[in-house]
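# Survey of secondary and tertiary structure
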Amino acid sequence: METTIAPAEDYRRAELYFEMADYVTAARILAGVVAEYPRNLSVRLLLARSYYHSAQLGRAEAELRRVLEQDPAEAYAHLLLGRTLQRRNRPAEAVPHLRMHAVMTGES
């Protein structure tokens, strides 16, 4: 008999892989959870972080843009998108996101 793992369990497993710095495995698991729950921003943010840390910068950018489409006030998504754009050698595009994060959080 085949068993299925609930999305919440998948998310917890992905968090463990993320904490162990196995970002590729975390991203693989999270992509499945996002496919089932595309409006869940916490899952999408962890997926974006996994992509970022595994140098899948195009995928990280795409996920972060989806997060910001759903919630333009998500400060951390602005920060990570800015850093992603910097790593992709697009500093001019990064500036507005980094400034938005600074305004939202009071950080410089």
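Anything mentioned here points back to the structure above.
A short tour of the structure in this document, coming up. None of the values given here were measured: they were computed from a predicted structure.

Rules used in this analysis
- Residues numbered from 1 in each chain as written.
- Predicted model: local features only at pLDDT ≥ 70, side-chain atom pairs only at ≥ 80, totals over all residues.
- Heavy atoms only, no water.
- Axes fitted to C-alpha atoms, helices over the stretch in contact; angles between N-to-C directions.
- Helix = DSSP H or I, 4+ residues; strand = E, 2+ residues; numbered from the N terminus.
- Parallel < 35°, antiparallel > 145°, perpendicular 65-115°, else oblique.
- Left-handed = near helix turned anticlockwise from the far one by under 90°.
- Contact = heavy atoms within 4.5 Å.
- Nonpolar A, V, L, I, M, F, W, Y, C, P; charged D, E, K, R; others polar.
- Expected span 1.5 Å × (residues − 1).
- Buried < 20%, exposed > 50% of the residue type's maximum accessible area, 1.4 Å probe, protein only.
- Arc of directions from axis to C-beta.
- Salt bridge = Lys/Arg side-chain N within 4 Å of Asp/Glu carboxyl O.

### Things to note about the packing of helix H1 (residues 7-19) against helix H3 (residues 41-53)
Direction vectors running N to C along H1 and H3 enclose 30°, while the axes themselves pass 11 Å from each other. The pairing of H1 with H3 is recorded here as roughly parallel in orientation. For the pair H1 and H3, the crossing hand works out as left-handed. Touching Tyr11, Glu15 and Phe18 of H1 are Ser42, Val43, Leu46, Arg49, Ser50 and His53, all from H3. Broken down by class, the residue content of the contact of H1 with H3 amounts to four nonpolar, three polar and two charged.

### What to know about helix H6 (residues 91-105)
Given a rise of 1.5 Å per residue, 15 residues ought to cover 21 Å, and the 21 Å separating the end C-alpha atoms of H6 matches this to within 8%. Taken together, the buried positions of H6 are Ala94, His97 and His101. Viewed end-on, H6 has its buried residues packed into an arc of 70°, placing them on one side of the element. What points out from H6, more than 90 degrees from its buried face, is the exposed set Ala92, Arg99 and Val103. Buried residues along H6 sit in contact with helix H4 (57-70) and helix H5 (75-87).

### What about the pattern of salt bridges?
Taken as a whole, this structure holds eight salt bridges when the rule is applied. Residue Glu63 is joined to Arg44 by a salt bridge in which the shortest nitrogen-to-oxygen separation is 2.4 Å. With Glu63 in helix H4 and Arg44 in helix H3, the pair connects residues that are 19 residues apart, well separated along the chain. Across the pair, exposure class does not vary: Glu63 and Arg44 are buried alike. A cluster of three or more residues bridged by salt bridges with shared partners is formed by Glu61, Arg65, Arg88, Arg90 and Glu93.

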